Structure formats: structure tokens, C-alpha cells
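# Observations on the three-dimensional arrangement
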Amino acid sequence: SKGGYRHYMLKEIHEQPYAVSMTLSSLSENIEYIDSVVKLIAKADRVIITGAGTSFHAGYIAALLLNRYADIFVLPIISSEAMWWMNSVGEKDIVIAISQSGETIDTLKAVREARRRGALTIAISNVLDSTIPRESDIALYTNAGPEIGVAATKTFTAQVVLLSYLAINVARYRNTLRESEAIEYINSLKNLPTQIRNVLNIYEARIASIANEIRDKQNAFFLGRGLGLPLSMEGALKLKEIAYIHAEAYPAGESKHGPIALVEEGFPTIFTIASSVEGELIRSNIEEMKARGSMTIAVYPKNLEDIEKLVRISIKMPIANDFTVGALYIVPHQLLAYYTSVKRGFDPDKPRNLAKTVTVF
Ligand code: M6R
């Protein structure tokens, strides 16, 4: 049942604090097994992370975290493209396949190809004993509870939390992260359910009113750097799939190499800034868009006070670290897509042309 919510999607957005705590408790219940998986990843020569749609975006975040904190070469690849990148994959490599349903054919094919080449395969899924975990060497589960809405929400946050937990521990094992820092980061994951609940309480009404500003738009850019990029990709995907607004995510720095030609008076550009380092680099990109009359919106940490004066609509978020920012800063994007869809008169639970699980190649 929808438990009093108008749509499953809204219910599942609100279930995120609970989903994250379920993921965290299942990780601590299986600590020895998780530890053995961490050690395998820590010893890999190279890691490929693959998935489709939202699962790919969670994988992209994990790739950035493993590169940055554990000094491992990690390549994120969309699963339907993975076959073109597997030529040199071998026994010392690990392929992590992420799939909420565990049935996405593109991702399954990537797993089969990786295994054929001798790589160790690790599946991350929300559905127990689904095909991808069954066919992989190792299976990890997000345990976020069933997701009915076609738009993935709580399973994304659960994936990000599971992958963050792995990344912290891989870094700890490789001695690229100090023990005290690792403990701090793990504790910050434990605070996420409360933080997500606060974000939902504080922002829901405001985001619903921001949806009025974009409901009649036909296009939008989602721009970010670093961790802000996969969050932008996920925000754009949500807006496309349930609100049917053409939304394109771009690396903010790349936007001036072509996409900016589209920007005219009122064209929405939505910036996602995950940290102050990203903030430093992105200011000029915001200025460029503003100079062309763009309707600028920014999701950013509240300590970057000057961003407020720079943009038309500011969504000031609690300060997060690299391991918590994904699960936290995606919430306004999910709400924006949801309310825009509803205000445009669509049913976000039944997006046209889409099925929850895609089993055609
Ligand atoms: O079940 P999976 O995680 O493998 O599904 C992958 C994509 O089909 C899925 O994330 C899709 O993009 C969602 N509808 C996004 O909301």
C-alpha cells in the first residue's frame, strides 16, 4: 500500500531514512563477510564498476570515492557499453555490477563477459537471489525493502551508502585513510538517516514551490563537477523519466564547449555543488550561465554563502562529507522531479514507455 502517500515514489522518497538504516544494519550483521570482500577489492589491480540508469550513477559516485580515497584505478562504465571496454580485463581485475532489480539484461551481460575473462565479479542488488547476484562470484544486498515506483529513489541512496561503506574500508585496509578518519566517516554514515529526515522536513514544501518555476520549461541543464556530476546525472534522469522535461547533465566545465549555445533567457540550469573545492571551480560556470539570462538554481553546502547572491534560486544544504553527500544532496533532486511531474499532471509511478525492470537488450 501507499501508506497514506499519494504515490509510491513519494512514499519511497520518505522511506529513505529507514532504507539507509536497514542497509547499515545488514552491513554490520555481515561484518566478516563484508570484510573479506573489502580485502579482495583492496588487492585488485583495477576495478570496473558497471550498471544502468540510476545504478550507474551510484557506481559513478563509488568510482570517484575509490579513486580518491583508496588510490585504486576504477573505471565507471554504463553496462550496455561495458562490452567495448573489456578487452584487457583479466584475473587480477574486479567488476562490480550494480542492479537494483538484479535482472537488467545489459548488466547481466557485462557480468557474464567479465567472468568469461576471469575477473572476479561482485553484484550489488536489492533483490535477493535475482539473476545478477546468482551469476556473480559475490553478492551483496542493499536490503532497502521492495521498491515499487519505476523511478529508483531509496534503492539509490541505499546503493550509495553500501558503496561508501566499502570505499571507506578499502581505503582503511590500503592505509590510504587514517584509522581515525575512517571511523569518523563510518559514524557520519550512521547519522545519515537523521540527516535525510531533516532534509525532507525542511525542504519538501520549498521544493514543491520551486517545481512551479520549472513546470512549464521544455529543457534544463544539470551541471556539476566531481561528485556533483553523478548527482546532476541522477537529477536529470529523474526529471526526464517522470516529468518529461528534456534534461541534460553535463560536467560544468564542459558546458562552455558547446551546450551553452542553447542557453537563453529563462533556460534553467541546475548546479549541484558537493564541496567547497567544487564551489571554487563552479562559480565561473554559474556566472557564464547568468550572463546569458539563465534561470540558475543551485544545490550547495550552506557554508558557501556567496552562492546565494549568485543564483536565482538557492537550495542551501547541510554540510556533508564526500561519503554522505550523495545520499543527502540527491533528495532535493528527487523531490523536484516528483513535484514537477505531479504539477504537470502526470503519474510519477507510471512513466510512459518505461518498465521497472528492463530485460531486453
Ligand atoms: O534494476 P536496475 O538497477 O538494474 O535498473 C537500472 C535502470 O533501468 C534503472 O535505474 C532506471 O534507470 C530507473 N527507472 C531510474 O529511475
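Residues numbered from 1 in each chain as written. Predicted model: local features only at pLDDT ≥ 70, side-chain atom pairs only at ≥ 80, totals over all residues. Heavy atoms only, no water.

### Structural notes on the sheet that holds strand S2 (residues 73-78)
Here is the rule: Strand pairing requires that DSSP identify at least two bridges connecting the strands. Secondary structure is summarised from DSSP: a helix means a run of H or I of at least four residues, a strand means a run of E of at least two, and numbering begins at the N terminus for each. Fitted lines through C-alpha atoms serve as axes, helices being fitted only where they are in contact, and the angles separating the N-to-C directions of these axes extend from 0 to 180 degrees. In what follows, residue pairs with any heavy atoms lying within 4.5 Å of each other are defined as contacts.
In space, the five strands of this open sheet follow the order S2-S1-S3-S4-S5, with parallel pairing throughout. The strands lining the two open edges of the sheet, one partner per strand, are S2 and strand S5 (138-141). On average, each strand axis in the sheet is inclined to that of its neighbour by 20°, with strand direction left out of account. In the sheet, strand S4 (residues 120-125) pairs with S5 via four bridges, with the strands oriented parallel. Note that in S5 the partner of serine 125 across the bridge is tyrosine 141. The sheet strands contacting helix H3 (residues 31-43) are strand S1 (46-51), strand S3 (93-99), S4 and S5, and the helix crosses S5 at an angle near 120°. Contacting S1, S3 and S4, helix H5 (residues 105-116) runs over the sheet at an angle of about 165° to S3.

### Here we look at the nonpolar core
Stated precisely, the cut-off is as follows: We define a nonpolar core as any set of buried Ala, Val, Leu, Ile, Met, Phe, Trp, Tyr and Cys residues linked to one another through side-chain atoms lying within 4.5 Å. For the exposure calls, accessible area comes from a 1.4 Å probe over protein chains only, and a residue counts as buried if that area is under 20% of its type's maximum, exposed if over 50%, partly exposed in between.
Membership of the largest hydrophobic core comes to 90 residues, with the highest contact counts inside it found for Ile41, Val47, Ile49, Ile96, Leu140 and Leu239. Take this core: its biggest share by element is 12 residues, from helix H13 (residues 325-343). Ignoring anything within four residues of it in the chain, the contact list for valine 47 reads Ile41, Ile72, Phe73, Val74, Leu75, Ile94 and Ile96. By size, the runner-up hydrophobic cluster in this structure holds 17 residues, among which are Leu223, Ala252, Ile273 and Tyr300.

### Here's the deal with the pattern of salt bridges
If the charged atoms of two oppositely charged side chains come close together, the side chains can form a pair. Test applied: Put simply, a salt bridge is a Lys or Arg side-chain nitrogen that is within 4 Å of an Asp or Glu carboxyl oxygen.
Applying the stated rule across the entire model yields 20 salt bridges. In this structure, aspartate 35 and lysine 39 form a salt bridge, with 3.8 Å as the shortest nitrogen-oxygen distance. With a gap of four residues between them, aspartate 35 and lysine 39 both fall in helix H3, about one helical turn apart. Overall, aspartate 35 belongs to the partly exposed group, its relative accessible area being 34%. The partner of aspartate 137 in a salt bridge is arginine 115, and the shortest N-O contact between them spans 2.9 Å.

### Here's the deal with the packing of helix H4 (residues 53-70) against helix H7 (residues 154-173)
Any two packed helices are characterised by how steeply their axes cross, that is the angle between the axes, and by the distance between the axes. Cut-off, in case you're wondering: Each angle is binned into one of four classes, with values under 35 degrees roughly parallel, values over 145 roughly antiparallel, values of 65 to 115 roughly perpendicular, and all other values oblique. Throughout, a crossing is termed right-handed when the near helix is turned clockwise from the far one, and left-handed when it is turned anticlockwise from it by less than a right angle. Residue type decides the class: Asp, Glu, Lys and Arg count as charged, Ala, Val, Leu, Ile, Met, Phe, Trp, Tyr, Cys and Pro as nonpolar, and the leftover types, Gly among them, as polar.
Put simply, H4 and H7 touch, their axes get as near as 9 Å, and they point 20° apart. As the angle between them shows, H4 and H7 are arranged roughly parallel. Between H4 and H7 lies a crossing whose hand is right-handed. Residues Thr54, Ser55, His57, Ala58, Gly59, Ile61, Ala62, Leu65, Leu66, Tyr69 and Ala70 of H4 lie in contact with H7, whose contacting residues are Phe156, Gln159, Val160, Leu163, Ser164, Ala167, Val170 and Ala171. For the contact of H4 with H7, a count of residues per class yields 13 nonpolar, six polar and no charged.

### What to know about helix H9 (residues 192-214)
The cut-off we apply is this: Here the expected span of a helix is defined as 1.5 Å times the quantity of residues minus one. Values of bend correspond, residue by residue, to the angle between axes fitted over the seven residues ending at that residue and the seven starting there.
For H9, which comprises 23 residues, the first-to-last C-alpha distance of 29 Å sits more than 12% below the rise-based estimate of 33 Å (1.5 Å per residue). Of all the bends in H9, the greatest, near 50°, is centred on tyrosine 203. Among the residues of H9, Leu192, Pro193, Ile196, Val199, Leu200, Tyr203, Glu204, Ile207, Ala208, Ile210, Ala211 and Ile214 are the ones counted as buried.

### A few points about the side chain of histidine 7
Among the secondary structure elements, histidine 7 is positioned in the segment before helix H1 (8-14). Under the relative-accessibility criterion, histidine 7 is labelled buried at 8%. Aside from chain neighbours lying at most four places away, what touches histidine 7 is Lys2, Tyr338, Val342, Asp347, Pro348 and Asp349.

### Some thoughts on the layout of surface pockets
What counts, and what does not: Buriedness for pockets is judged along seven lines, at least five of which must meet protein on both sides within 12 Å for an open set on the 1 Å grid over protein atoms alone, while cavities are sets there where a 1.4 Å probe fits but cannot get out, and lining residues have an atom within 4 Å of a point. Grid points are joined across faces, edges and corners, and a volume is the space filled by probe spheres set on the points.
Roughly 440 Å³ of volume is contained in the largest pocket. Looking at the largest pocket, it is lined by 23 residues, and the ones nearest its centre are Ala52, Gly53, Thr54, Lys356 and Val358. For the lining of the largest pocket, the secondary structure elements donating two or more residues are H4, S3, H5, H7 and helix H10 (228-243). For the lining of the largest pocket, the per-class residue count stands at nine nonpolar, 11 polar and three charged. Of the pockets and cavities examined, the second largest pocket occupies roughly 160 Å³. Around the second largest pocket, the lining comprises 13 residues; the ones closest to its centre are Gln218, Asn219, Glu264, Phe267 and Pro268. Taken together, the elements giving at least two residues each to the lining of the second largest pocket come down to strand S6 (219-224) and strand S7 (246-251).

As far as function goes, none of this settles anything; it's purely spatial.
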